[in-house]
Amino acid sequence: MAVVTRMPARRAFPSLPSFLAPLPALSSRMRDRSPGLVAAAVGGALAAGLGLGAFAVLVMMLWISSPYPDSGPSGALHVAAALWLLAHGAELLRTETLSGMPAPVGVTPLLLLVVPVWLVHRAARDAVDDAGGVEAPGAGSMGPPVSARTAWAGVVLGYLAVAAGAACYAAGGALRPSWLWTVVCVPAVTVVAAGVGVWSACGRPREPLERVLPGWLGKAVFGEGGPGGVAESGGRERRSRREWVGVRAAGAGAAVLVGGGALLVAVSAVWHAGAARGAFLQLTEGWSGRFAVLLLCVALVPNAAVWGAAYALGPGYALGVGHVVTPLGSDPAPLLPPFPLLAAVPEAGAGTAWNWAAGVVPVAAGVVVGVLVGGAGAGCSGGVAQAPVDAWPRRRTVGSVLGAGVGCGVVVGVLAALAGGPLGVGAMARFGPVWWQVGGAVVVWTVGVGVPVGLWVRRWRGRGVREFSWTGVGGEVREEGSPQERKAGEEFGSELYDFAAVADVEDIAGGADIAGGTGGADAGEVGQAGEPGWHGDGAREERWAALREVAGEERAGDEGAGR
């Protein structure tokens, strides 16, 4: 006999007023989303804690190895928190100065920026990937699905909560954060990095970005194709080059600029190797101090690469107020501290041919952008088993180069803004490249060089487009748009790439029905792979047999004429 457990009856509650009717649904949604929001917030807080811990371990290691530490462990932890905020782009204030006035420190080591960006990106990506919970066999999902917005908000809130505590703690040290820059830069880096992580976890859809950008700019940046890069099956490989063409070209141009700047810095450092070695040995005598200087130089290598790119672009960089270094000439720099990377600065005076040779870097960046856009804009016939892809018009190609140039200018301009900043007051209030000058120069160089290169590549690759045509004897390969093709199109009453025209050609295969082949499929049928029926194996073998037969007859005729 089955045992039935009597459940107590639920207490009936009076009905809610009409204006409170949405409350049960709202409470149910919050109850369903709260686990995912809390988990994402924990992930964001953990990412911030890992970043703080990494900086604390590094600073404490240097403090322990230093023979003459200036402060105790508390001071070292305050410095670690301040450096963690500096890695986000926040400006610091150095209070212990000879004049007694706080001196700003606004140069962000770009290598340190990688740590918080990577941690936030991974936390946001994992929050979306784990949003649906873990599925057990036969039990389904163990947790409710969480939207991308909920995961993004949780990571941002958790990370900023820890950042607020770190900023309050660092305010009591010798390096104090500037509250204005902290409030602006730390949330900006967190929001962008978390957004990119969520977007990457969702499959990098185009719709959110297309809603932000205008129509013409979105088409210039993203190219053509449906969301997620879905294209027609026949021309998927060809059309994949046009997906995100502006983004790929902008990234490639920025990489060439920064890489070229790094190459310039390396060549100059080798040229001034003696001065760099002297500056390295002059700064400190102990091995712990030299190790700290070496770590600082490594962290500032990306900054030096951006400075080199700014030098090659033309605006150059400043070594103090009124002291600008450009390929055309360098003003006498003020008294700078001995530092190995500063030893690679060109000498004061007018520029020479060696200095002007740095202009090859932006030219190379423009060529890369033009080749990528022009190659994507060139049409293709698609061959025998692929659908044709039309070439872009000139206006579309120019617009894509312009969009890529603007994107490249934004990327390099942001890097220039982070790579420079003040290192004090007075003469040291301006140190490094000016972001808006560098960004404008990138757009001018990229568009000025990329437009003619892109148009030339589009025309050059488009001129080599061929169609394997079955409208002539012997499978003659002719350029598309030739008089023979136009005549064949008029004869069969179809366009150049109309597959229905092939169904009417019977004389090539000796009267065999090419469209049907051995299987007798109709030319209008479409197989499972989305291809016309005349692509079958039997029809293909018959066509090749006809070609070999015609080629054999022509070869025999040539040999007879030779005899």
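Thresholds applied
Residues numbered from 1 in each chain as written. Predicted model: local features only at pLDDT ≥ 70, side-chain atom pairs only at ≥ 80, totals over all residues. Heavy atoms only, no water. Pairing = 2+ DSSP bridges. Helix = DSSP H or I, 4+ residues; strand = E, 2+ residues; numbered from the N terminus. Contact = heavy atoms within 4.5 Å. Axes fitted to C-alpha atoms, helices over the stretch in contact; angles between N-to-C directions. Phe/Tyr/Trp six-rings, centres within 6.5 Å; stacked < 30°, edge-to-face > 60°. Buried < 20%, exposed > 50% of the residue type's maximum accessible area, 1.4 Å probe, protein only. Lys NZ or Arg CZ within 6 Å of the ring centre and 35° of its normal. Salt bridge = Lys/Arg side-chain N within 4 Å of Asp/Glu carboxyl O.

Caption draft 1: Main features of the sheet that holds strand β7 (residues 324–326). Read across the sheet, five strands follow the order β9-β8-β7-β6-β10 without closing on themselves; strand pairing throughout is antiparallel. Each edge of the sheet is formed by a strand with only one pairing partner; in this case those strands are β9 (349–350) and β10 (431–432). As judged from the two bridges shared by β7 and strand β8 (residues 329–330), these two strands associate in the antiparallel manner. What sits directly across from Thr326, in β8, is Gly329. Sitting on the sheet, helix α12 (residues 301–313) is in contact with β6 (317–319), β7 and β10, with an inclination near 115 degrees to β6.

Caption draft 2: The arrangement of the packing of aromatic side chains in detail. The final tally for this structure, using the stated rule, is six aromatic pairs. Summarising the aromatic geometry, the rings of Trp199 and Trp244 are spaced 5.9 Å apart at their centres and angled 65 degrees between planes, so their arrangement reads as edge-to-face. Taken together, the positions of Trp199 in helix α5 (residues 179–201) and Trp244 in the loop between α8 (236–239) and α9 (245–271) put the pair 45 residues apart, joining distant regions of the chain. Look at Trp244 and you get buried, because its relative accessible area is 18%. In this structure an aromatic cluster arises from ring pairing among Trp307, Tyr311, Tyr317 and Phe431. Sitting above the plane of the Trp392 ring, Arg396 keeps its charged end 4.4 Å from the centroid.

Caption draft 3: The arrangement of the pattern of salt bridges in detail. The tally for this structure, following the rule as stated, stands at two salt bridges. Taking the shortest distance from any N to any O, the salt bridge between Asp126 and Arg122 comes out at 3.8 Å. Pair noted here: Asp126 and Arg122 are both in helix α3 (residues 110–129), with a separation of four residues, about one helical turn. Judged by its relative accessible area of 30%, Asp126 falls in the partly exposed class. For Arg122, a relative accessible area of 40% gives the class partly exposed. Two residues, Arg125 and Asp126, come together in a salt bridge whose shortest N-O distance is 3.9 Å. When its relative accessible area of 29% is taken as the criterion, Arg125 is described as partly exposed. In the salt-bridge network here, residues are joined through shared partners; they are Arg122, Arg125 and Asp126.

Just geometry here; none of it tells us what the structure is for.
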